[in-house]
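# Structure at a glance
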Amino acid sequence: MSTYLLNKFLYTIDRDPELVERYRADPRATVTWWEAERANQVLNLPAGERSTWLTFTDTEREALATHDYVKLFEFGAHPFLTLTLFIALFERDYDEPLGFQREYARKLSHISLPYPDIST
Amino acid sequence: MATVAAVIASTHHPFYYRASTATGVDRPPFADEWVAKIEAFRETLTRARPDVLVMVGSDHFHQLWLDNMPQFLIGKAPFYDANFSNEEREFGLPRMFLRGDEELSAYLLRQGLDAGFDLAFSNELRLDHSITCPLITLRPEADLPIVPIYTNIFAPPLPQPKRFVELGKAIRELVESWPCEARVAIIGTGHLSLELGGPRQFGPHGPDPEFDRKAIGWIASGDLGSALAEVSLDSLWLPGNATHGFMDFMLMMGVAGESVKADYSDSLDLFHTMEAYFTWYPEAAR
């Protein structure tokens, strides 16, 4: 499990309006690009100074590539990061206020306490 | 010495700004009641005639990140930009620009470190809605210098609830020992029961009305004993997965003092959360 890297993906996509649109339009290609180019970029270091070891597991990569926020929850991705980014991606497709947020809750309705650990 | 002019604790609901400024068909049915409550709450700060605001909140992964996460942090900048593009996108919050009180920041940092709190600091902190929401509700002119204090209620491992209370008590003592003839309001925002990104989110009420009822009772009566006895890092997952924000309320109970009843207390049962508003006027400020 690389919960930290899942969170890093959600965090760095969410804060960049252009990447939000790329991830909405072509999630698989965006995840592939991000893992190759951005996963090991340490956010507070110059571009040349990178980590060398951060990768997704196959199931994590697939969950991101299919916009599967239920899986992300089950993997322990930080729920605030997932919610915020997915609102940005899909709220626009719903007519009712909070329509997407309520469907999101419904899709997680099989989850009971205790929730997956979100510690990193 | 400085005077603590008021101690204020409240929830911070990022939808308030949009709800309160919406008109016509866009205005939600609960907006008028919400605005009336907020305006009454605002008066409790205005009446205290503050010169400086110490503001306790928590970054929501807008700037602070898991590569280097502080537990408690004090901003020490002369100015603060506030609100982020994703808050503008999701909540319609405006960008804000605030003046800092560098002298009080430096004092709280030095004295706080010497009192046993290993506080982080930032010279370039950009503030998010945990600080700007209470400004919008309580001081929309945003004309007073501030000292922001951030707590980690968000990225486990978190400090224990008692540590929040202890820091609150220390902040109160340090502000009262600040050698400056200023009236300081100490304002902090957190949450009651709250679920975000989980199955209980965005229901007709907060996820745990029973927790909310008890928590409001603890805060209004200053019952730190019961709050500390019943609340733990593990128990806070039960009322809702974002309920650790209640520890900012516990910090503010520490500021207000053990068993000190709030002079003003109000709440609003809104969809999704219970909103709650409290003000204490310390004896010396009356």
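Residues numbered from 1 in each chain as written. Chains lettered and ligands numbered in written order. Predicted model: local features only at pLDDT ≥ 70, side-chain atom pairs only at ≥ 80, totals over all residues.

### A short note on the overall build of chain B
Selection rule: Secondary structure elements follow DSSP: runs of H or I of four or more residues count as helices, runs of E of two or more count as strands, with numbering from the N terminus. Backbone-placed C-beta atoms define the burial measure: a residue is buried with 20 or more other C-beta atoms within 10 Å of its own, exposed with 12 or fewer, and partly exposed in between. Two residues form a contact once the distance between their C-beta atoms, set from the backbone, is within 7 Å.
Along chain B, the regular secondary structure elements total 9 helices and 10 strands. Principal-axis analysis of the C-alpha atoms gives chain B an extent of 50 × 45 × 40 Å. With 286 residues in all, chain B has 51% of them scored as buried. A separation threshold of at least 6 residues defines the contact pool for chain B, and within that pool the share at least 24 residues apart is 82%.

### Some remarks on the overall build of chain A
Here is the rule: The atom set for the radius of gyration is the C-alpha atoms, and the globule formula is 2.2 Å times the number of residues raised to the power 0.38.
Secondary structure assignment for chain A yields 7 helices and 0 strands. Traced from its N-terminal end to its C-terminal end, chain A shows the element sequence α-α-α-α-α-α-α. Over its C-alpha atoms chain A spans a radius of gyration of 15 Å, differing by no more than 12% from the 14 Å that the globule rule assigns to 120 residues. Overall size of chain A, expressed as C-alpha extent along the three principal axes, is 45 × 30 × 25 Å. Sorting the 120 residues of chain A into buried and exposed places 31% on the buried side. At a minimum sequence separation of 6, the contacts of chain A that also span at least 24 residues come to 65%.

### Notes on the interface of chain A and chain B
Definition in use: Lys, Arg, Asp and Glu make up the charged group, whereas Ala, Val, Leu, Ile, Met, Phe, Trp, Tyr, Cys and Pro make up the nonpolar group; the residues left over, Gly among them, are polar.
If you look at the interface, chain A gives 31 residues, while chain B gives 23 residues. With 8 residues, the single largest contributor to the side of chain A that touches chain B is helix α6 (residues 79-90) of chain A. When its residues are assigned to classes, the side of chain A that touches chain B shows 20 nonpolar, 8 polar and 3 charged.

### Comments concerning the confidence of the model for chain B
When pLDDT is low, close inspection of the predicted coordinates is not appropriate. The criterion, for reference: pLDDT expresses, on a scale from 0 to 100, how confident the predictor is about each individual residue.
Here chain B averages 97 in pLDDT, while 100% of its residues score no lower than 70. For this predicted complex, the interface confidence reaches an ipTM of 0.95, while the overall pTM sits at 0.97.

### Digging into the environment of Ala22(B)
Residue and element names in this part refer to chain B. Locating Ala22 in the fold gives a position in the loop between α1 (16-21) and α2 (31-46). For Ala22, a count of 13 C-beta atoms within 10 Å gives the class partly exposed. Setting aside residues up to four positions removed in sequence, Ala22 forms contacts with Arg27, Pro28 and Ala31.

### Quick look at unusual backbone geometry
Omega for the peptide link from Leu113(A) to Pro114(A) comes to -5°, which places this bond in the cis form. Position of Pro114(A) among the secondary structure elements: in the segment after α7 (99-107). Along the chain, Pro156(B) connects to Pro157(B) via a cis peptide bond; the corresponding omega equals 10°. Secondary-structure assignment places Pro157(B) in the loop between β7 (146-151) and α6 (161-177). Unlike most non-glycine residues, Leu98(A) shows phi in positive territory, near 65°. The exposure class assigned to Leu98(A) is partly exposed, which follows from the 17 C-beta atoms found within 10 Å.

### Concerning the sheet that holds strand β2 (residues 52-57) of chain B
Residues and elements named next belong to chain B. Using the following cut-off: Paired strands, as defined in this entry, are two strands with at least two bridges between them according to DSSP. Note on geometry: axes are C-alpha line fits, over the in-contact stretch for helices, and angles between N-to-C directions span 0 to 180 degrees.
The sheet built from 8 strands is open, its strands ordered β6-β3-β7-β2-β8-β1-β10-β9 with mixed pairing. Two strands bound the open sheet, and with one partner strand each, they are β6 (120-122) and β9 (264-269). Averaged over neighbouring strand pairs, the angle between their axes works out to 15° when direction is ignored. As judged from the 3 bridges shared by strand β3 (residues 72-75) and β7, these two strands associate in the antiparallel manner. Bridge pairing in β7 places Phe72 opposite Thr151. On the sheet, helix α9 (residues 246-256) packs against β1 (3-11), β2, β7, β8 (183-190) and β10 (274-280) and is oriented at approximately 155° with respect to β8.

### What to know about α2(B)
All names here are of chain B. Put simply, the rule reads: To estimate how far a helix should reach, multiply one less than its number of residues by 1.5 Å. By arc we mean the arc of the directions from the helix axis to the C-beta atoms, nothing more.
Along its 16 residues, α2 runs 22 Å from first to last C-alpha, staying within 8% of the 22 Å computed at 1.5 Å per residue. For α2, the complete set of buried residues consists of Ile38, Phe41, Thr44 and Leu45. One face of α2 carries all of its buried residues, which in axial projection span an arc of 100°. Exposed and oriented more than 90 degrees from the buried face of α2 are Asp32, Ala36, Glu39, Ala40 and Thr46. Those residues of α2 hidden inside the fold are in contact with β1, α1, α5 (129-138), β8, β9 and β10.

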